[in-house]
Each structure stands twice: as C-alpha cells, then as structure tokens.
Amino acid sequence: MTQAIQTHQSQPLLTGLKDALPLMGGYIPVAISFGLISLQSGFSVLETILISTLVYAGASQFLFVAMVASGAPMWLVVVMTLLINARHVVYGPNLAPYMTKSPWWLALMHGLTDQIFALAHTRLPQLNEKQRICWFTGASLLAWMSWVGGTALGAIAGGELINQWPLLADVLPFALPALFLVLLAPKFNTKIWALTLGCTTLIALIIKLQGFSNAAIPVAALIGTLLFYVVKNQAKWSK
Amino acid sequence: MINTLWLAIIAIALGTYLMRALPLVWMTRKLDKNKSNTTEEMPIWLTVLGPAMIAAMFGTSLIPSSQSITTWLATALGALVTAGIWYWKRSLGLPVLIGVMIYGISIYFARLYPIY
C-alpha cells in the first residue's frame, strides 16, 4: 500500500482520483436508481439533480423522496433524514489529526460521505501534509461528480439503461463491499481489532437482514466499540 | 407546497453539511489547544468508533440487493478473492477490480446455468 502511494507522490490529486475509482462502481448504479425513483415519486429532473448535489447522502435521499411522496409532514421528513445522516458526526474528528491549516477543508467537508471517510481514514496518514488536501479534493470531487452524474443519468435515461444492461446494475454495486474489505483488512493485525471489526460486521449484517436498514450501521458500530472496551479491560484485569 | 419542499431540502442539506463540518472544527480546536496533532489526543471511543462504522458499512453492503443462493455465493466468492488479492498485493484498486470481476462472472454463469 505504501508503495502505491510513493509512485504517485508528485500527483496527489491524481492519486485521489485513482483511489476513488472503485467508489464510482458503487455510486453510479445507486445514483441511477435514485434518479429513477425520485422521478417516479413525482420530482422533476432538475429537483432530483439538485437534491443529489445539495444533500449528497444516499440513504437519506431515498427516504426523503419516499416520505414526501407518501405525504408525510415536512417536519418529520426533515427530522428523519437528519437522523439517518447523524452518523456523519464521528467522521470529521477522526480525520482531524491529518488535516492541515487550510480553510478549504471546511468546504470540502460537504464531500465527506461514508465511503470517502473510509478511504481518507486509510490514505491520509500515508500521505505527507502538503499532499493531503489535494488528495482529498481529487477523491471527494470524483465521488460527488459520480453521484450527481449518476442521478442525472437515472433521471433522464434510467429506465432504458437498466433494461439494456441488467447485469451491470447487479454487479457494479459489489465494488462497495470490496472496497470496505480492502480498507478494513490492514486493521485485522491484532486480536482485539479483528474481534471488534469482525463482530461489528456480522452484527450490522444481521440487523440489516432483520429489516432495520437505517439502525444497522450506528447500532452495530456502538456495540463494536463497547466490545472493544470490554475486551481491553478484561485483558488489563487478567494481567 | 413547493416552497415548503424547498425549505425542507435546504434544511436537510444544511443540517447534513453542519454534521459533517462542525465536529471537525471542534476536534481541530481541541488538538490546537493541546498543541498536538496526533491521534493520541483523541478520545479512545472516537478512534474505535471510526473503524467500527466502516466495519458496519461493510457488513450492510455485503447483503445483495436481490437475495438468492447465487448472489450470496457470488458475494462470498468475490469477498474471498478480494481478500486474497489484497493479502498478495497490499493495494486498493486491484483487489476491488478483480473482486468485482469474479462477482460478475459468478452471477453471469449462474444465470446461464441455473442450479435448480
């Protein structure tokens, strides 16, 4: 991994773009389906694209259009979508030690999605200080463009695309779990981390299979964090 | 109705942005105050919660959108190959690319020769 970074050290923006390529595989098909569903829910093409551009948070956008279409009160729609997005609050502080003193970081935080966080959490510590902002700009811009572009494609020509390439729509989303796997793999080097992350993965999977899609990520992550503390304290006591 | 809708969109967009940006400002100030720039200054729960969120996202993303024995087997095979290539190459892009290809090939062949 370090080797790959050294090869592109002079072009951190390009490295960022390259690192975010696997994200496109996950973002574009999901964005296309968002475009399609949003239009079916009664939103216009422009409204659909603007939602993706401004809100830029997958799960909450799906919930937003579904709730608006079902006629839910607007205050409830706002509260529910913000609740889903509340998980984002832990991302910034985790990246803070690797950020330089540039006001641009604040603007770039619009692009701090789940996947960009996961990518940055692995990559930023490997880059030197000067390269970090360029890397983050490249990676987050490509991801944002993929999401907005995919939404536009879905809103304008989604139905036709899915009809012509049904396999592609099924296969490309696998890029997301594959990317998460590669980002987590280096952490499995100690027993405590392997146990924490392994259990968290399994718990999240089970919770989502039970039908609680939105609770799965925060609840599993909280249980995993508690487990980490329990194992750590037990190791202390047994010494 | 249209105005309410746009107000809601703006409130969600702004709220989401603030949830992404404000905690960063808080943590940066905390690090500055202690004149430190290392993860040691961060509360332990925060350093664990970050990777735990990634693990949770990994868990939920493993569930295929259309669930069947085929898609679950393809997911397991794709994940194993991705992990294997990562172990061999220790890079980001190649394991993902080959993992997706193996997943795609498995789905393709399973549809050509369904096992019933």
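See the structure above.
Notes on the structure follow. (Residues numbered from 1 in each chain as written. Chains lettered and ligands numbered in written order. Predicted model: local features only at pLDDT ≥ 70, side-chain atom pairs only at ≥ 80, totals over all residues. Heavy atoms only, no water.)

**A look at the overall build of chain B**
- The number of helices and strands found in chain B is four helices and zero strands.
- Written out in order from the N terminus, the α and β elements of chain B read α-α-α-α.
- When the 116 residues of chain B are sorted by exposure, 45% land in the buried category.
- Looking at chain B alone, contacts between residues at least 24 apart form 28% of all its contacts between residues at least 6 apart.
- Accessible surface, chain B as shown: approximately 6500 Å² in total, 70% of it carbon and sulfur. (Helix = DSSP H or I, 4+ residues; strand = E, 2+ residues; numbered from the N terminus. Buried < 20%, exposed > 50% of the residue type's maximum accessible area, 1.4 Å probe, protein only. Contact = heavy atoms within 4.5 Å. Areas by Shrake-Rupley, 256 points an atom, 1.4 Å probe, with all protein chains shown as cover.)

**Brief notes about the packing of helix α2 (residues 12-40) of chain A against helix α11 (residues 175-184) of chain A**
- Where α2 of chain A contacts α11 of chain A, the two axes come as close as 8 Å, and the packing angle between them is 145 degrees. Listed contacts from α11 of chain A to Pro22, Leu23, Gly25 and Gly26 of chain A of α2 of chain A are Ala175, Leu176 and Leu179 of chain A. (Axes fitted to C-alpha atoms, helices over the stretch in contact; angles between N-to-C directions.)

**Digging into the side chain of Gln115 of chain A**
- Mapped onto the secondary structure, Gln115 of chain A falls in helix α8 (residues 114-123).
- Beyond its immediate sequence surroundings of up to four residues, Gln115 of chain A is in contact with Leu23, Tyr27, Leu176 and Phe180 of chain A.

**Some thoughts on the environment of Thr60 of chain B**
- Summarising the element assignment, Thr60 of chain B is placed in helix α2 (residues 44-61).
- Along the chain, Thr60 of chain B and Val81 of chain B lie 21 residues apart, while their C-alpha atoms are 19 Å from each other.
- Setting aside residues no more than four positions away along its own chain, Thr60 of chain B makes contact with Ala204, Lys208, Ala216 and Ile217 of chain A.
- For Thr60 of chain B, the side chain forms a polar contact with the main-chain oxygen of Met57 of chain B, separated by 3.0 Å. (Polar contact = N/O pair within 3.5 Å; in protein donor to acceptor, adjacent residues only side chain to side chain.)

**Description of the packing of aromatic side chains**
Residues and elements named next belong to chain A.
- On inspection of all chains with the given rule, the structure shows 11 aromatic pairs over all chains.
- Relative to Trp144, the ring of Tyr56 lies with its centre 6.4 Å away and its plane at 45 degrees, an arrangement referred to as tilted. Linking Tyr56 in the loop between α3 (45-54) and α4 (58-69) with Trp144 in helix α9 (residues 129-164), this pair joins segments that are 88 residues apart in sequence.
- Taking the relative accessible area as the measure of exposure, Tyr56 reaches 1% and is therefore buried.
- Residue Trp144 is classed as partly exposed on the basis of its relative accessible area of 22%.
- Their ring planes at 65 degrees and their centres at 5.4 Å tell us that Trp105 and Phe136 sit as a pair that is edge-to-face. (Phe/Tyr/Trp six-rings, centres within 6.5 Å; stacked < 30°, edge-to-face > 60°.)

**Things to note about helix α4 (residues 93-112) of chain B**
- Under the 1.5 Å per step criterion, the end-to-end length of α4 of chain B is 29 Å for 20 residues, consistent within 8% with the ideal 28 Å.
- Pro95, Val96, Gly99, Val100, Tyr103, Gly104, Ser106 and Ile107 of chain B are the residues of α4 of chain B that are buried. All buried residues of α4 of chain B fall inside an arc of 160 degrees around its axis, so they share one side.
- Residues of α4 of chain B that are buried make contact with α2, α10 (166-171) and α11 of chain A together with α3 (69-89) of chain B. (Expected span 1.5 Å × (residues − 1). Arc of directions from axis to C-beta.)

**Here's the deal with helix α12 (residues 191-209) of chain A**
All names here are of chain A.
- For α12, with 19 residues, the first-to-last C-alpha span of 27 Å sits near the 27 Å given by 1.5 Å per residue.
- Residues Trp193, Thr196, Leu197, Thr200, Thr201, Ala204, Leu205 and Ile207 constitute the buried set of α12. For α12, the angular spread of the buried residues around the axis is 170 degrees, confining them to a single face. Facing away from the buried side of α12 by over 90 degrees, the exposed positions are Lys191 and Leu202.

**Describing the interface of chain B and chain A**
- In this complex, chain B contributes 67 residues to the contact, which on the side of chain A involves 80 residues.
- Carbon and sulfur atoms make up 80% of the area that chain B and chain A hide from each other, which totals about 6700 Å².
- The interface formed by chain B and chain A includes one salt bridge.
- Lys101 of chain A serves as the salt-bridge partner of Asp32 of chain B, at 3.0 Å between the closest nitrogen and oxygen.
- Counting every contact that joins chain B to chain A gives eight residue pairs in polar contact (both at pLDDT 80 or more).
- Contributing elements (two or more residues each) for the side of chain B that touches chain A: α1 (2-33), α2, α3 and α4 of chain B.
- Counting residues per element, the side of chain B that touches chain A draws most heavily on α1 of chain B, which supplies 22 residues. (Buried area = accessible area lost by both parts, 1.4 Å probe. Salt bridge = Lys/Arg side-chain N within 4 Å of Asp/Glu carboxyl O.)

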